[in-house]
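# Architecture and fold: a report
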Amino acid sequence: MTKLLDNASDPKVLITRSDGIATITLNRSSESNPISWSLGTELLHALDALEDDKSVSSVVLTGAGRVFCSGAKLGEVVKPEGVNPEEQYYGFRDIVRVVSRIRNYELPVICALNGGAVGGGAALAIACDLIVSSESGYCFFPFGRVGASAADMGCAYLLPRLIGMTQARRLLYTGGRVEAQEGKALGLFLDVVPDDKLLAESYRLARQIQESAPRHALTATKQVLLRGETTEFETCLTYERYLQSYFLNGDEHKRLLLSFLAAKSESKKK
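These notes cover the structure that comes with them. Fair warning: this is a prediction, and the values are worked out from it, not measured in the lab. Here the residue numbers are simple positions, counted from 1 along each chain's written sequence. Note on the predicted model: pLDDT of at least 70 is required for a residue's local features to be given, and 80 or more for side-chain atom pairs to be given and counted; whole-chain, interface and lining totals, by contrast, use all residues. Note that the side-chain values use all heavy atoms of the structure and ignore hydrogens as well as water.

### Here's the deal with the pairing of strand 4 (residues 58-63)
- Residue burial is assigned from relative accessible area. The probe radius is 1.4 Å, only protein chains are included, and a residue is buried under 20% of its type maximum, exposed over 50%, and partly exposed in between. Helix and strand definitions follow DSSP, with helices as H or I runs of at least four residues and strands as E runs of at least two, each counted in order from the N terminus. Among the six residues of strand 4, six are classified as buried, and the element is accordingly described as predominantly covered.
- Where burial is concerned, the two faces of strand 4 agree: the one with Ser 58, Val 60 and Thr 62 and the one with Val 59, Leu 61 and Gly 63 are both buried.
- Looking at chain direction, strand 3 (residues 21-26) and strand 4 are connected through six bridges and run parallel. Looking at the pairing, Thr 25 lines up with Thr 62 of strand 4.
- Crossovers are marked right-handed if the path from the first strand over the helix to the second runs clockwise, as seen with the strands pointing away from the viewer. Regarding the hand of the β-α-β motif, the stretch spanning strand 3, helix 1 (residues 39-51) and strand 4 is right-handed.
- Inspection of the sheet shows strand 4 paired to strand 6 (residues 109-113) by three bridges, in the parallel sense. What sits directly across from Val 60, in strand 6, is Ile 110. Two strands make a pair as long as DSSP finds a minimum of two bridges between them.

Okay, here's the thing in structure tokens:
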């Protein structure tokens, strides 16, 4: 288990690695894993460290304890008397960078939603490529209830693309809460599993991803999908063509193709 930052005696973020799958765990279960000013910095360090580790093929993001992330830390990020504007600016800058980093990350990121994802915590969850929710998992968008805009940390961009504009408007306008099964029905969550099976199922999905393609091919697929959200069809098609031409001339493609053909030939003999 890796502590981040290295000089932190009580890190807010932990990393574990196992068979090519890395887990980033928000490590403040006693406080319901809030978003503090320093959380953004620690998450960025964690993401950087794993992206540079060529043995890692995918990342699982989860929270310690029974809550994924409870949103802005009361008394630090938000407080009735207000906060220092400069401190707020740089604190928000780092946590918003995390959302952008996850979206544009080289590796697929799976959110193992182990409980509530509230406010900014919901934004962290929906920034991930896929969400596997426990039965007690939910996303809650209560920004307006504390006089804030629900257009926060990418929610206004990401949520309509995941569940459609009408449902996104409903949730953001009403400060809605999406329980596990509703989240699956809306397409927000890939699956809902028993609480005690959450990590096992998230790792199973990560292994399926790992076994589907080499790391660099997965990276290309993710980047093309991201461009497909905002790029017109012909441009995306051309981008795909150039990438595919590169991959189909690589040594790894040739090796895997020979292996596939040999297995197919062997299967026909049986």
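That covers the picture; the talk isn't over yet.
### Examining the packing of aromatic side chains
- The criterion for an aromatic pair is that two Phe, Tyr or Trp rings (for Trp, the six-membered ring) have centres within 6.5 Å, with stacked assigned to planes under 30 degrees apart, edge-to-face to planes over 60 apart and tilted to the rest. Scanning the entire structure with this criterion turns up two aromatic pairs.
- For the ring pair Trp 37 and Phe 92, a centre distance of 5.6 Å and an interplane angle of 75° mean the geometry is edge-to-face. You can see Trp 37 sitting in the loop between strand 3 and helix 1 and its partner Phe 92 sitting in helix 2 (residues 85-103), a full 55 residues away along the chain.
- Classification of Trp 37 by relative accessible area gives buried; the value is 11%.
- Ring centres of Tyr 89 and Tyr 90 lie 5.0 Å apart, and the angle between their planes is 85°; this geometry places the pair in the edge-to-face category.
- Over the ring of Tyr 157 we find Arg 161, and its NZ or CZ is 3.5 Å from the ring centre. Note on geometry: a ring has a charge over it if NZ (lysine) or CZ (arginine) is within 6 Å of the ring centre and within 35 degrees of the ring normal.

### As for the sheet that holds strand 5 (residues 67-69)
- Across the sheet, which stays open at both edges, the four strands sit in the order 5-7-9-10 with mixed pairing between neighbours. The outermost strands of the open sheet, each flanked by one partner alone, are strand 5 and strand 10 (177-179). Put simply, the sheet's adjacent strands are angled 15° from each other on average, direction ignored.
- Looking at chain direction, strand 9 (residues 138-140) and strand 10 are connected through three bridges and run antiparallel. Bridged to Tyr 138 within strand 10 is Glu 179.
- Any pair of residues with heavy atoms lying within 4.5 Å of one another is described as a contacting pair. Under this scheme, a helix contributes an axis fitted over its contacting stretch, all axes are lines through C-alpha atoms, and angles between N-to-C directions fall in the 0 to 180 degree range. Strands in contact with helix 3 (residues 120-127) are strand 5, strand 7 (116-118) and strand 9; relative to strand 7, the strand with the most contacts, it is inclined by about 110°.

### Regarding the environment of Arg 93
- Note on placement: Arg 93 falls in helix 2.
- Accessibility expressed as a relative area gives 30% for Arg 93, which makes it partly exposed.
- For the pair Arg 93 and Met 153, spaced 60 residues apart in sequence, the C-alpha separation works out to 9.9 Å.
- A polar contact is formed between the side chain of Arg 93 and the side chain of Asp 94, at a distance of 3.3 Å. For this analysis, a polar contact is any N or O atom pair within 3.5 Å, provided that within protein one partner can donate a hydrogen and the other can accept it, and provided that sequence-adjacent residues contribute only side-chain to side-chain pairs.

### Focus: the nonpolar core
- Only buried residues count toward a nonpolar core, which is a set of Ala, Val, Leu, Ile, Met, Phe, Trp, Tyr and Cys residues joined through side-chain atoms within 4.5 Å. Residues Ile 24 and Phe 141 are the most contacted members of the largest nonpolar core, which totals 50 residues.
- Residue contacts for Phe 141: discarding those within four places in its chain leaves Ala 122, Cys 155, Leu 159, Leu 171, Leu 172, Gly 175, Gly 176 and Val 178.
- The next biggest cluster of nonpolar side chains, apart from the first, holds 11 residues, and it includes Val 60, Leu 198, Ile 209 and Leu 218.

### Description of helix 7 (residues 198-212)
- A helix's residues, less one, multiplied by 1.5 Å, set its expected span. The first and last C-alpha atoms of helix 7 sit 21 Å apart over 15 residues, in line with the 21 Å expected at 1.5 Å per residue.
- Residues of helix 7 that are buried make contact with strand 3, strand 4, strand 6, strand 8 (130-134), strand 11 (191-193) and helix 8 (215-230).

### Quick look at the side chain of Thr 23
- Along the chain, Thr 23 falls in strand 3.
- A relative accessible area of 4% places Thr 23 in the buried class.
- Here Tyr 203 takes part through its side chain, which lies 2.8 Å from a polar atom of the side chain of Thr 23.
- In this structure Thr 23 touches Leu 14, Ile 15, Thr 16, Val 60, Thr 62 and Tyr 203, once residues within four positions along its chain are discounted.

### A look at the pattern of salt bridges
- Take a side-chain nitrogen of Lys or Arg and a carboxyl oxygen of Asp or Glu: if they are within 4 Å of each other, that pair is a salt bridge. Throughout the structure, instances matching the rule amount to 14 salt bridges.
- Of the charged contacts in the structure, one is a salt bridge between Glu 31 and Arg 28, with a shortest N-O distance of 3.6 Å.
- Since its relative accessible area comes to 32%, Glu 31 is described here as partly exposed.
- With relative accessibility at 13%, the residue Arg 28 sits in the buried group.
- Between Asp 191 and Lys 184 there is a salt bridge, with the nearest N and O atoms lying 3.2 Å from each other.
- Here Lys 184 falls in the partly exposed class, since its relative accessible area comes to 39%.
- It is possible to trace a salt-bridge network through shared partners that takes in Arg 28, Glu 31 and Lys 73.

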